[in-house]
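# Observations on chain architecture
These are the residues of each chain, in order.
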Amino acid sequence: MSVFISGASSGIGAACARAFGAAGKELVLVARRKDRVQALARDVAKAHGVQVHAFQLDVRDRKAVESFIEEHAGLLSAVEVLVNNAGLAAGLSAIQAGNVDEWERMIDTNLKGLLYVSRGLLPKLIEKSARGGNCHVVNIGSVAGRWTYPNGNVYCATKFGVRALSESMRLDLHGTGIRVTEIAPGMAETEFSEVRLGDKEKAKAVYAGMRPLSAEDVAETVLWCVGRPKHVNIQELVVFPTDQSSVTLVKRAEAKA
Ligand code: NDP
Ligand code: 8X3
């Protein structure tokens with residue numbers, strides 16, 4: 001059995017790869033940054049003696065995803081756990097001043113990318129489950145998929161969409177035995193804010209004076225959900241850092257003068 005993780009080159013996806021590797025699972029990792037995902041694959045394989053397959057894949061590219069699934073049909077037939085993690089926020093501005101290219105990047109990655117990968121892999125998981133496999137889909141949503149915040153608009157909409165797709169998968173997969181979990185993290189310090197804001201210093205300021213979740217904290221919740229007995233499905237899990245009580249209420253230490 002193996003675990004497929006999209007967006008495994010950094011942050012939560014990379015932490016999931018390390019955690020599943022440490023648990024002895026064979027891994028299939030994809031991301032656009034080939035060097036990063038391949039280096040991680042080598043590290044995890046060396047540290048835990050597991051097989052790790054790493055590929056360059058842009059989940060927004062429908063044809064590339066379809067060819068990838070076809071080309072690696074044998075390898076992918078062993079997948080029991082699909083972690084739909086690849087995603088991003090681009091920008092933070094009011095709708096009336098929004099950048100349409102950024103909107104398209106978010107919609108194409110967070111929604112269409114998740115759908116392309118799921119469309120390719122779910123039939124394989126259904127077959128696997130019918131043969132007794134313990135199959136599970138984990139979609140990485142966000143607290144932004146439950147509550148909106150000023151200027152979050154399109155990112156929030158994509159994550160509300162991930163929540164809707166997670167519910168839909170549960171309905172559409174009803175009776176197959178495949179579990180579907182949506183994990184909705186609050187602020188986690190990864191490359192997320194740097195990607196969103198395009199600036200390391202601005203990204204650092206997002207977490208100033210508070211303790212965010214780490215990628216490893218989120219990966220632990222993913223492993224915990226997957227590790228429940230087969231008859232137990234954690235449908236949704238919301239995890240905030242203690243310093244964050246809502247999407248807009250964050251406790252920060254005073255900056256020292
Ligand atoms: P990172 O930026 O650290 O990681 C994002 C990952 O997604 C990278 O591995 C990136 O790889 C991959 N990715 C992005 N676009 C594509 C693409 N087109 N094709 C394939 N892979 C892609 O951020 P996080 O780890 O924080 O983000 C992971 C998920 O967690 C996202 O879905 C995000 O929305 C969600 N999330 C994050 C939170 C946070 O506060 N950090 C909170 C709630 C949810 P590459 O660039 O190499 O393609
Ligand atoms: C990422 C968390 O609060 O920046 O999904 O939207 S937030």
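Please refer to the structure higher up on the page.
Before going into details, it helps to say that this report is about the structure given with it. (Residues numbered from 1 in each chain as written. Chains lettered and ligands numbered in written order. Predicted model: local features only at pLDDT ≥ 70, side-chain atom pairs only at ≥ 80, totals over all residues. Heavy atoms only, no water.)

Another point: the site of ligand 1. Inspection of the region around ligand 1 gives 31 residues, with Ser9, Ser10, Arg32, Tyr155 and Thr190 positioned closest. Between ligand 1 and Arg33 there is a distance of 2.8 Å, counted from an oxygen atom to a side-chain nitrogen or oxygen. Between ligand 1 and Glu191 there is a distance of 3.1 Å, counted from an oxygen atom to a backbone nitrogen or oxygen. Protein burial of ligand 1: of its 870 Å² of free accessible surface, 96% is covered by the chains. Tallied by class, residues from the shell around ligand 1 come to 14 nonpolar, 11 polar and 6 charged. (Near = heavy atom within 4 Å. Polar contact = N/O pair within 3.5 Å; in protein donor to acceptor, adjacent residues only side chain to side chain. Areas by Shrake-Rupley, 256 points an atom, 1.4 Å probe, with all protein chains shown as cover. Nonpolar A, V, L, I, M, F, W, Y, C, P; charged D, E, K, R; others polar.)

The next subject is helix 3 (residues 62-71). What sets the pattern is the α-helix's 3.6 residues per turn: residues three or four places apart point alike. When we look at burial in helix 3, the residues that qualify are Val65, Phe68 and Ile69. Considered in projection along helix 3, the buried side chains sweep an arc of 95° and stay on one side of the axis. Turned more than 90 degrees away from the buried face of helix 3, the exposed residues are Lys63, Glu70 and Glu71. (Buried < 20%, exposed > 50% of the residue type's maximum accessible area, 1.4 Å probe, protein only. Helix = DSSP H or I, 4+ residues; strand = E, 2+ residues; numbered from the N terminus. Arc of directions from axis to C-beta.)

The next thing to look at is the packing of helix 3 against helix 5 (residues 100-130). Taken N-terminus to C-terminus, the directions of helix 3 and helix 5 make an angle of 20°; their axes are 9 Å apart at the nearest point. In terms of their interaxial angle, helix 3 and helix 5 are classed as roughly parallel. Here helix 3 runs over helix 5; the crossing is right-handed. Across from Arg62, Val65 and Ile69 in helix 3, the residues of helix 5 making contact are Tyr116, Val117, Gly120, Leu121 and Lys124. (Axes fitted to C-alpha atoms, helices over the stretch in contact; angles between N-to-C directions. Parallel < 35°, antiparallel > 145°, perpendicular 65-115°, else oblique. Left-handed = near helix turned anticlockwise from the far one by under 90°. Contact = heavy atoms within 4.5 Å.)

In this section: the site of ligand 2. In the neighbourhood of ligand 2, the contacting residues comprise Ser142, Ala144, Tyr149, Tyr155, Phe192 and Arg196. The contact in question runs from an oxygen atom of ligand 2 to an N or O atom on the side chain of Ser142, over 2.5 Å. Between ligand 2 and the protein, one listed contact pairs an oxygen atom with a side-chain N or O atom of Tyr155 at 2.6 Å. The protein chains hide 85% of the 240 Å² of surface that ligand 2 would expose on its own. Across the shell around ligand 2, the residue classes break down as 4 nonpolar, 1 polar and 1 charged.

Now for the pattern of salt bridges. All chains considered together, the criterion is met by 10 salt bridges. For the salt bridge of Asp108 with Lys112, the shortest nitrogen-to-oxygen distance reads 3.5 Å. Pair noted here: Asp108 and Lys112 are both in helix 5, with a separation of 4 residues, about one helical turn. Glu182 is paired through a salt bridge with Arg146; the nearest N and O atoms lie 2.8 Å apart. (Salt bridge = Lys/Arg side-chain N within 4 Å of Asp/Glu carboxyl O.)

Now for the packing of aromatic side chains. The relative placement of two aromatic rings is captured by the distance of their centres and the angle of their planes. Taken as a whole and judged by the stated rule, the model has 4 aromatic pairs. Between Phe4 and Phe68 the ring centres are 6.4 Å apart and the planes differ by 65°, which places this aromatic pair in the edge-to-face class. In this pair, Phe4 sits in strand 1 (residues 2-6) while Phe68 sits in helix 3, placing the two residues 64 residues apart along the sequence. The exposure class assigned to Phe4 is buried, which follows from its relative accessible area of 1%. An aromatic cluster is built from Phe4, Phe55 and Phe68, whose rings are joined through pairwise contacts. (Phe/Tyr/Trp six-rings, centres within 6.5 Å; stacked < 30°, edge-to-face > 60°.)

What follows is about the nonpolar core. If you look at soluble globular proteins, the nonpolar side chains tend to sit buried side by side. Grouped together as the largest cluster of nonpolar side chains are 35 residues, with contacts concentrated most on Ile5, Phe20, Leu27, Leu29, Val83, Ile183 and Val222. Sequence-distant contacts of Leu27, defined by excluding residues within four places in its chain, comprise Val3, Ala17, Phe20, Gly21, Val44, Gln51, Val52 and His53. Val79, Val137, Leu173 and Val180 belong to the second-largest nonpolar core, a separate cluster that totals 25 residues. (Core = buried A, V, L, I, M, F, W, Y, C linked by side-chain atoms within 4.5 Å.)

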